[in-house]
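Next come the chains, spelled out residue by residue.
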There are 2 protein chains.
Amino acid sequence: MTYELYYWPTIQGRGEFVRLVLEEAQAPYLDVAREKGGGAGIAALMRFLEGRDVRRPPFAPPYLKAGRLIIGQTANILQFLGPLHGLAPQAARDRIWTHELQLTIADFVAEVHETHHPVASALYYEDQKKEALRRAADFLKNRVPKFLGYFERVLERNNKPARYLVGTRLTYADLSLYQIIAGLSYAFPRAAAKSARKYRRVFALHARVQERPRIAAYLASPRRIAFNQDGIFRHYPELDAR
Amino acid sequence: MTYELYYWPTIQGRGEFVRLVLEEAQAPYLDVAREKGGGAGIAALMRFLEGRDVRRPPFAPPYLKAGRLIIGQTANILQFLGPLHGLAPQAARDRIWTHELQLTIADFVAEVHETHHPVASALYYEDQKKEALRRAADFLKNRVPKFLGYFERVLERNNKPARYLVGTRLTYADLSLYQIIAGLSYAFPRAAAKSARKYRRVFALHARVQERPRIAAYLASPRRIAFNQDGIFRHYPELDAR
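Residues numbered from 1 in each chain as written. Chains lettered and ligands numbered in written order. Predicted model: local features only at pLDDT ≥ 70, side-chain atom pairs only at ≥ 80, totals over all residues. Heavy atoms only, no water.

## Things to note about the relation of the copies chain A and chain B
- Each copy superposes on the other: chain A lies on chain B with an RMSD of 0.0 Å after a rotation of 180° and an axial shift of 0.0 Å. In symmetry terms, the pair is related by a two-fold rotation axis. Relative to the rotation axis, the C-alpha of Pro118(A) is the closest in chain A, positioned 2.9 Å from it.
- The fraction of interface residues of chain A whose copies in chain B are also interface residues reaches 98%, indicating that both copies meet through the same surface. (Least-squares fit on C-alpha atoms with pLDDT ≥ 70 in both. Contact = heavy atoms within 4.5 Å.)

Laid out in structure tokens, this is it:
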């Protein structure tokens, strides 16, 4: 079976957390809106969001079509894919914990987006720049240390040689934490450089994931969309640490 | 087994989504920080958040202790409790869908909080009131219709006599949608009154849940904390619709 991933074709966004899992799993997938391209791509994307005959419509991209099943919400998609592709632990309690970590990552991602859109997603950054300056300052001062400090502790307390967040094997949560660090490094290079000295385990995990052969091949391929100013992680120098 | 719910003792907050499930399930539980009260209550709450010997620390309240298992992240807790107490569907595909709806509810809840704290959770409302006015206006104009319109569609397209979000039986997602409507009605009474005329299925679900005997008994009990100005749903008249 070939999965169909539905996501905006020009950004990494939340779709990237799914792409990383599919790439590490070497699962066959179509990145539907990108393959079709242009208007046809967007039309394909809107089909399940707006079609009146869709019984269980997703709220927003990304969503994944797996056979007849359509699954929305990033963390929900990963929870579905993980066990099918060896990217989730076996035991129920470990799976619950992995999903808990993923939901905390989702909260973190949402707060990243708020740094440049603290008033309204529908408005341009320039129309909420003043608010963004305040929001981003608080994000870097208070929220980044809270989140990264948390994941650093989780890695530290994973009794196994702390290479991964859960147990001794890579899970989808590790791939997502990799993506967060990659994104923060793009959006807030100065703040990220400071964080790298403090949250060594988290940044070491990022480096380790980046070097995995399938991930490295993916990152070097045209399938990896470059970070840009339309995604969740955007580089506005004025929002970065002084 | 008696569950232990760990959550801030003086607000409904995210803990309320868990309380509603435990109450509807008639599951024995201790609302730990409330039972202990005052400083001892908060100390109990912080124990698992900050204790150095906690191998898998939750990121934030609420978290649930079920035997030796500690589960954090509201949607994760509900996904755990639902199947144990007849508040989740049987089939895997239906459970995935229920969880998807719950995660969309979680996104909605996060945006409610942003209306009064668009700059920083750590600052007072008064210190971000100007930003809150802009954010809340966008929330009521664009986001509430998007979310409520979505859940209205979901109810409409559930082929069974559309009394619940999924299939023919109450799930934890219905209880959470009830709580959202209750909260919006407290925080934004004018906007909610307008929404009630437009999203009739959603508001009918709210009324139906409210009348369930166990929920009605809970709401009338001292266990239900009243909405107040410290929670997620706060009533600042200036943020409500004109």
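Don't stop here, the text continues.
## Concerning the side chain of Glu152(B)
All names here are of chain B.
- Turning to its location among the elements, Glu152 is positioned in helix α6 (residues 129-157).
- Assessed through its relative accessible area of 9%, Glu152 is described here as buried.
- A distance of 3.0 Å separates a polar atom in the side chain of Glu152 from the backbone nitrogen of Val202.
- If we skip the residues at most four places from it in the chain, Glu152 touches Lys198, Tyr199, Arg200, Arg201 and Val202. (Helix = DSSP H or I, 4+ residues; strand = E, 2+ residues; numbered from the N terminus. Buried < 20%, exposed > 50% of the residue type's maximum accessible area, 1.4 Å probe, protein only. Polar contact = N/O pair within 3.5 Å; in protein donor to acceptor, adjacent residues only side chain to side chain.)

## Structural notes on the pairing of strand β3 (residues 63-66) of chain B
All names here are of chain B.
- Summarising the sheet, strand β1 (residues 3-6) and β3 pair through three bridges and their orientation is antiparallel. The residue of β3 that forms the bridge with Glu4 is Lys65.
- Looking at chain direction, β3 and strand β4 (residues 69-72) are connected through four bridges and run antiparallel. Opposite Tyr63, over in β4, you have Gly72 as the bridge partner.
- Hairpin geometry of β3 and β4 is characterised by an intervening segment of two residues between the two adjacent antiparallel strands and by a positive phi of about 65° at Gly67. (Pairing = 2+ DSSP bridges.)

## A short note on the packing of helix α1 (residues 15-25) of chain A against helix α4 (residues 74-84) of chain A
Residues and elements named next belong to chain A.
- Two elements in contact, α1 and α4, have axes whose closest approach is 9 Å; the angle formed by their N-to-C orientations is 10°. Between α1 and α4, the angle falls in the class roughly parallel. Contact residues: Phe17, Val18, Val21 and Leu22 in α1; Thr74, Ile77, Leu78 and Leu81 in α4.
- For the contact of α1 with α4, the residue count by class is seven nonpolar, one polar and no charged. (Axes fitted to C-alpha atoms, helices over the stretch in contact; angles between N-to-C directions. Parallel < 35°, antiparallel > 145°, perpendicular 65-115°, else oblique. Nonpolar A, V, L, I, M, F, W, Y, C, P; charged D, E, K, R; others polar.)

## Looking at the interface of chain A and chain B
- The interface is formed by 47 residues belonging to chain A together with 47 residues belonging to chain B.
- For the pairing of chain A and chain B, the buried interface totals around 4600 Å² over both sides, and the portion due to carbon and sulfur atoms is 49%.
- If you sort the residues of chain A by the area they bury against chain B, Arg56(A), Phe59(A) and Arg157(A) come out on top, with a joint share of 19%.
- Where chain A touches chain B, the interface holds six salt bridges.
- With a closest N to O distance of 2.5 Å, Glu114(A) and Arg135(B) form a salt bridge. (Buried area = accessible area lost by both parts, 1.4 Å probe. Salt bridge = Lys/Arg side-chain N within 4 Å of Asp/Glu carboxyl O.)

## What to know about the environment of Lys65(B)
Residues and elements named next belong to chain B.
- Relative to the assigned elements, Lys65 resides in strand β3.
- C-alpha separation for the pair Lys65 and Leu5, spaced 60 residues apart in sequence, amounts to 6.4 Å.
- Residue contacts for Lys65: discarding those within four places in its chain leaves Tyr3, Glu4, Tyr6, Phe48 and Ile70.
- In terms of polar contacts, Lys65 uses its side chain to reach the backbone carbonyl oxygen of Gly67, at 3.0 Å.

## Regarding helix α8 (residues 189-198) of chain B
Residue and element names in this part refer to chain B.
- Among the residues of α8, those classed as buried are Ala191, Ala192 and Ser195. Down the axis of α8, the buried set is contained in an arc of 95°. They therefore lie on one face.
- The secondary structure elements touched by the buried residues of α8 are α6, α7 (172-187) and α9 (200-210). (Arc of directions from axis to C-beta.)

## Quick notes on the sheet that holds β1(B)
Residue and element names in this part refer to chain B.
- Taken in spatial order, the four strands of this open sheet run β2-β1-β3-β4, and their pairing is mixed. The open sheet has two edge strands with one neighbour each: β2 (29-31) and β4. Going from strand to strand, the sheet's axes swing by 20° on average, the running direction of each strand aside.
- Packed on one face of the sheet, helix α3 (residues 38-50) meets β1, β3 and β4 and runs near 85° to β3.

## A look at the packing of aromatic side chains
- Using the criterion set out here, one finds 24 aromatic pairs over all chains in the structure.
- Between Tyr6(A) and Tyr63(A) the ring centres are 4.8 Å apart and the planes differ by 5°, which places this aromatic pair in the stacked class. Note that Tyr6(A) is positioned in strand β1 (residues 3-6) and Tyr63(A) in strand β3 (residues 63-66), a separation of 57 residues in sequence.
- Residue Tyr6(A) is classed as buried on the basis of its relative accessible area, which comes to 6%.
- Seen in terms of ring centroids, Phe59(A) and Phe147(B) are 4.6 Å apart; in terms of plane orientation they differ by 15°. Their pairing is stacked. Taken together, the residues span two chains, with Phe59(A) in the loop between α3 (38-50) and β3 and Phe147(B) in helix α6. (Phe/Tyr/Trp six-rings, centres within 6.5 Å; stacked < 30°, edge-to-face > 60°.)

## Looking at the pattern of salt bridges
- Inspection of the entire model under this criterion finds 29 salt bridges over all chains.
- Ionic pairing is found between Glu24(A) and Arg212(A), a salt bridge with its closest N-O pair at 2.9 Å. Residue Glu24(A) is found in helix α1, and its partner Arg212(A) is found in the loop between α9 (200-210) and α10 (213-220); the two are separated by 188 residues along the sequence.
- Between Arg223(B) and Glu23(B) there is a salt bridge, with the nearest N and O atoms lying 2.7 Å from each other. Separated by 200 residues along the polypeptide, Arg223(B) in the segment after α10 (213-220) and Glu23(B) in helix α1 (residues 15-25) bring together distant segments of the chain.
- The class for Arg223(B) is partly exposed, based on a relative accessible area of 38%.
- Through salt bridges with shared partners, a single ionic network connects Glu16(A), Arg19(A), Asp31(A), Arg34(A) and Arg224(A).

Functional significance is not addressed by these values, which are geometric in nature.
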